[in-house]
Amino acid sequence: MNDKAAHLRRLRRVEGQVRGLQRMVDDDKYCIDVLTQVSAATSALQSFSLVLLEEHMAHCVAEATRQGGAEADIKIKEAADAIARLVRS
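Residues numbered from 1 in each chain as written. Predicted model: local features only at pLDDT ≥ 70, side-chain atom pairs only at ≥ 80, totals over all residues. Heavy atoms only, no water.

**Observations regarding the packing of helix α1 (residues 3–26) against helix α2 (residues 31–67)**
Okay, step 1: At their nearest, the axes of α1 and α2 sit 10 Å apart, and the two run at 165° to each other. On the basis of their axis angle, the class for α1 and α2 is roughly antiparallel. Once α1 is placed against α2, the crossing between them reads as left-handed.
Okay, step 2: Taken together, the residues that form the contact of α1 with α2 break down as 14 nonpolar, 4 polar and 4 charged. (Axes fitted to C-alpha atoms, helices over the stretch in contact; angles between N-to-C directions. Helix = DSSP H or I, 4+ residues; strand = E, 2+ residues; numbered from the N terminus. Parallel < 35°, antiparallel > 145°, perpendicular 65-115°, else oblique. Left-handed = near helix turned anticlockwise from the far one by under 90°. Nonpolar A, V, L, I, M, F, W, Y, C, P; charged D, E, K, R; others polar.)

**As for the environment of Ser47**
Okay, step 1: For Ser47, the location among the structural elements is in helix α2.
Okay, step 2: Taking the C-alpha atoms as reference points, Ser47 and His59, separated by 12 residues in sequence, lie 19 Å from one another.

**A closer look at the pattern of salt bridges**
Okay, step 1: Counted according to the given criterion, the structure contains 5 salt bridges.
Okay, step 2: Glu63 serves as the salt-bridge partner of Arg66, at 3.0 Å between the closest nitrogen and oxygen. One end of the pair is Arg66 and the other is Glu63, both in helix α2 and 3 residues apart, which spans about a single turn.
Okay, step 3: The exposure class of Glu63 is partly exposed, given its relative accessible area of 34%.
Okay, step 4: Ionic pairing is found between Lys77 and Asp81, a salt bridge with its closest N-O pair at 2.8 Å. Note that Lys77 and Asp81 are positioned in helix α3 (residues 70–88) at a spacing of 4 residues, about one turn of the helix.
Okay, step 5: On the basis of relative accessibility, which here comes to 48%, the residue Lys77 falls in the partly exposed class.
Okay, step 6: Look at Asp81 and you get partly exposed, because its relative accessible area is 30%.
Okay, step 7: It is possible to trace a salt-bridge network through shared partners that takes in Glu71, Lys75 and Glu78. (Salt bridge = Lys/Arg side-chain N within 4 Å of Asp/Glu carboxyl O. Buried < 20%, exposed > 50% of the residue type's maximum accessible area, 1.4 Å probe, protein only.)

**Focus: a nonpolar patch on the surface**
Okay, step 1: Taken together, Leu8, Leu11 and Leu45 make up a surface patch of nonpolar side chains, about 210 Å² in accessible area.
Okay, step 2: Mapped onto the fold, Leu45 is located in helix α2.
Okay, step 3: Under the relative-accessibility criterion, Leu45 is labelled partly exposed at 40%. (Patch = residues over 30% accessible without salt bridge, like charges linked within 9 Å, V, L, I, M, F, W, Y side chains within 5 Å. Areas by Shrake-Rupley, 256 points an atom, 1.4 Å probe, with all protein chains shown as cover.)

**So, the environment of Ser43**
Okay, step 1: Positionally, Ser43 belongs in helix α2.
Okay, step 2: Considering only alpha carbons, one finds Ser43 and Val14, 29 residues apart in sequence, at a separation of 9.5 Å.

**Observations regarding the confidence of the model for the protein**
Okay, step 1: The predicted model of the protein averages 95 in pLDDT, with 99% of residues at 70 or higher.
Okay, step 2: Within the protein, no element has a lower average pLDDT than α3, which sits at 94, and none a higher one than α1, at 97. (pLDDT = per-residue confidence, 0-100.)

Put into structure tokens, the structure is as follows:
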């Protein structure tokens, strides 16, 4: 399957979850129910982030390290920074 198509499908699902959250708030749904859906949307985005990071490391970072040099150092630093942001979120 095309990775881009899979990524877009996942993001559309998250987008639908967020629209659902908007409807829930607009309809004055019970706060705990809204929070449960927020948690689901957050988990979906985190899962997407991990898949994207794994692909980036398997392709971009791996290729840069094979070539070596400054570009490899830059890609490794970018990946480490991205991991740090994911851990903090």
